[in-house]
Amino acid sequence: MNEVDSVFSSSEKSIFQMMTGFFTSKLLAVGVELDLFTWLSTQPRTFAEIQARFQFAERPCRIFLDTLVNLGLLCVDHGAYRNAPLADTLLVRGRPDFQGPHVQLFDHLYLACAKLKTALFENRPISQDYSYFFDSGEKEVAQYCGLMHESSLVPALVLPQYWDFSESRGVLDVGGGYGRLCLTLASQFPALDLTLFDLPEVCEKAREFFRAYPQYLTSRIRLHAGNFFHDELPTGADTVVMMRVTHDWPREQVKMLAAKAFAALPSGGHLLIYETFKDQGPCPGDAALISLLLLLISPGGECRTFAEMASLMREVGFTAIELIPTVYFYSVLAARKP
């Protein structure tokens, strides 16, 4: 035990980590923005090489690297810095588990945390910059959709590993943004018909985005513009997917969305709700932190337990409701229309 360790108890260390949590988050976001971890994945680098590449002054470069080493993201051996296994797995651009888009999304959302006390007392969102919830203007919607699109790569790749879409004829992706999930499904299931349902301005951006992809993929994705609260969902699909959608809204509106999905589905069709669920029991798990962010940006969103969501599904007529855990924070609630 060194001198510093002898001063702090484990409880004091825990409180210190909580107090400095924003520093940690911001440091991680800066490292990702600079693409430091991708650069270090090729070979170890000396202090001088890192300082020269990023044009840091000596003192901030030393503090920056010391903190990353302390967090377990970098290792230093004989004066050369390299990625620790955690960073090598999750923070190197182009690797399957790259979490950079999630880091950037949370970095943007954390700006709202400065007014958390206001949100707690007034029960209202204090940011209108990152969602469809408000008439914030085309720029804000585009910014939010862009962030969500970048952070949806891993969830979109994971979902087909836990639900067999080969048994579906058609999929309706509700709130599908720029089409990450539809493109993934089109590439893996050649016989699948796909419909992306989102706001008109989002569908227009999706159409532009699709130009970078082969036509044999995008020609099988129909863009259906609308507002899922004001308009009925299009029929024809036997599987409706809501990926990271329902936790944005209060219970009454989630029930409305479930009822619209029920109406759009044929007998035997499925609704898949793919998002973060709270744990059962007295401890809600890390989903509580997602709910805290939703408190800051949405009028009534929160993560719910499977039991809460299953009860809601039964109220609108769904049966055979099951929860399928996947990876990271995400699980699939699957419900069948009898």
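Residues numbered from 1 in each chain as written. Predicted model: local features only at pLDDT ≥ 70, side-chain atom pairs only at ≥ 80, totals over all residues. Heavy atoms only, no water.

Novice: Could you give an account of the overall build of the protein, with specific residues and numbers?
Specialist: Each helix and strand counted, the protein has 17 helices and ten strands in total. For the protein, whose C-alpha radius of gyration is 22 Å, the value lies close to the compact-globule estimate of 20 Å for 338 residues. In the protein, which comprises 338 residues, the share counted as buried stands at 47%. Counting only contacts in the protein whose residues sit at least 6 apart along the sequence, the fraction spanning at least 24 positions is 68%. (Helix = DSSP H or I, 4+ residues; strand = E, 2+ residues; numbered from the N terminus. Rg over C-alpha atoms; globule rule 2.2 N^0.38 Å. Buried < 20%, exposed > 50% of the residue type's maximum accessible area, 1.4 Å probe, protein only. Contact = heavy atoms within 4.5 Å.)

Novice: Residues and numbers for the sheet that holds strand β9 (residues 319-325), please.
Specialist: Sheet strands associate in pairs through backbone hydrogen bonding, adopting either a parallel or an antiparallel arrangement. One open sheet accounts for seven strands, arranged β6-β5-β4-β7-β8-β10-β9; its pairing is mixed. Each of the sheet's edge strands pairs with one partner strand only, and the pair in question is β6 (221-225) and β9. Each strand axis lies, on average, 20° off the axis of its neighbour in the sheet, ignoring direction. With five bridges joining them, β9 and strand β10 (residues 330-336) adopt antiparallel strand pairing. (Pairing = 2+ DSSP bridges. Axes fitted to C-alpha atoms, helices over the stretch in contact; angles between N-to-C directions.)

Novice: Tell me about the packing of aromatic side chains, and please be specific about residues and values.
Specialist: Summed over the entire model, instances satisfying the criterion amount to twelve aromatic pairs. Taking the centre distance of 5.7 Å and the plane angle of 20° together, the rings of Phe 54 and Phe 56 count as stacked. Residue class for Phe 54 comes out buried when judged on its relative accessible area of 16%. The exposure class assigned to Phe 56 is partly exposed, which follows from its relative accessible area of 24%. Each residue in the set Trp 39, Phe 54, Phe 56 and Phe 64 is aromatic and connected to the rest through ring pairs, giving one cluster. Across from the ring centre of Phe 262, 4.7 Å away, lies the NZ or CZ of Lys 337, which sits over that ring. (Phe/Tyr/Trp six-rings, centres within 6.5 Å; stacked < 30°, edge-to-face > 60°. Lys NZ or Arg CZ within 6 Å of the ring centre and 35° of its normal.)

Novice: So, the sheet that holds strand β2 (residues 74-77): which residues are in play, and what are the values?
Specialist: In space, the three strands of this open sheet follow the order β1-β3-β2, with antiparallel pairing throughout. In this open sheet, the two strands that pair with only one neighbour each are β1 (45-46) and β2. Strands β2 and β3 (80-83) of the sheet are contacted by helix α6 (residues 58-70), whose axis makes an angle of about 110° with β2.

Novice: Now, about the packing of helix α5 (residues 47-54) against α6: what can you tell me, with residues and values included?
Specialist: At their nearest, the axes of α5 and α6 sit 10 Å apart, and the two run at 115° to each other. By the criterion of interaxial angle, the relationship of α5 to α6 is roughly perpendicular. Where α5 crosses over α6, the two elements pack in a sense that is right-handed. Where α5 approaches α6, its residues Phe 47, Ile 50 and Gln 51 are matched on the opposing element by Glu 58, Cys 61, Arg 62 and Leu 65. Split by residue class, the contact of α5 with α6 holds four nonpolar, one polar and two charged. (Parallel < 35°, antiparallel > 145°, perpendicular 65-115°, else oblique. Left-handed = near helix turned anticlockwise from the far one by under 90°. Nonpolar A, V, L, I, M, F, W, Y, C, P; charged D, E, K, R; others polar.)

Novice: Can you explain helix α3 (residues 21-33)? Please cite residues and give values.
Specialist: Taking 1.5 Å of rise per residue, the 13 residues of α3 would be expected to cover 18 Å, and the 18 Å separating its terminal C-alpha atoms lies within 8% of that figure. Three or more residues of α3 are buried, namely Ser 25, Leu 27, Ala 29, Gly 31 and Val 32. The inward-facing, buried residues of α3 abut α4 (36-40), α6 and α8 (100-109). Positive phi shows up at Asp 35, right after α3, with a value of about 60°. (Expected span 1.5 Å × (residues − 1).)

Novice: So what's going on with the layout of surface pockets? Residues and values would help.
Specialist: Its boundaries defined by the atoms lining it, the largest pocket holds a volume of some 1500 Å³. Along the wall of the largest pocket there are 37 residues; nearest its centre are Gly 21, Thr 24, Ser 25, Leu 28 and Tyr 110. Every element with two or more residues in the lining of the largest pocket is listed here: α1 (3-7), α2 (10-19), α3, α6, α7 (85-90), α8 and α16 (287-297). Per-element tally for the lining of the largest pocket: the top contributor is α3, with eight residues. Residue classes in the lining of the largest pocket are distributed as 24 nonpolar, nine polar and four charged. (1 Å grid on protein atoms, 1.4 Å probe; cavity = no way out; pocket = protein on both sides within 12 Å on 5 of 7 lines; lining within 4 Å. Points joined across faces, edges and corners; volume = space filled by probe spheres on them.)

Novice: I'd like a rundown of the state of the cysteines, residues and numbers included.
Specialist: In a disulfide, the sulfur atoms of two cysteines are covalently bonded to one another. Inspection of the entire model under this criterion finds zero disulfides. Summary of cysteine pairing: Cys 182 is not part of a disulfide, and the nearest cysteine sulfur, belonging to Cys 203, is at 9.8 Å. Considering cysteine sulfurs only, Cys 283 is the nearest to Cys 303, which forms no disulfide, with 13 Å between them. (Disulfide = S-S within 2.5 Å.)

Novice: Mind laying out the side chain of His 247, listing which residues take part and the relevant values?
Specialist: Mapped onto the secondary structure, His 247 falls in the loop between β7 (239-243) and α15 (251-264). Not counting residues up to four positions away in its chain, the partners in contact with His 247 are Glu 275, Thr 276, Leu 294, Gly 301, Glu 302, Cys 303 and Arg 304.

Novice: I'd love a proper account of the pattern of salt bridges, names of residues and values included.
Specialist: Opposite charge on two side chains allows them to pair when their charged atoms are near. Following the criterion strictly, the structure yields ten salt bridges and no others. Put simply, Asp 238 and Arg 169 hold a salt bridge, and the shortest N to O gap is 3.5 Å. Here Arg 169 lies in the loop between α11 (153-162) and β4 (170-174) and Asp 238 lies in the loop between β6 and β7, a separation of 69 residues in the sequence. Looking at Asp 238, the relative accessible area reads 8%, which means it is buried. Accessibility expressed as a relative area gives 58% for Arg 169, which makes it exposed. (Salt bridge = Lys/Arg side-chain N within 4 Å of Asp/Glu carboxyl O.)

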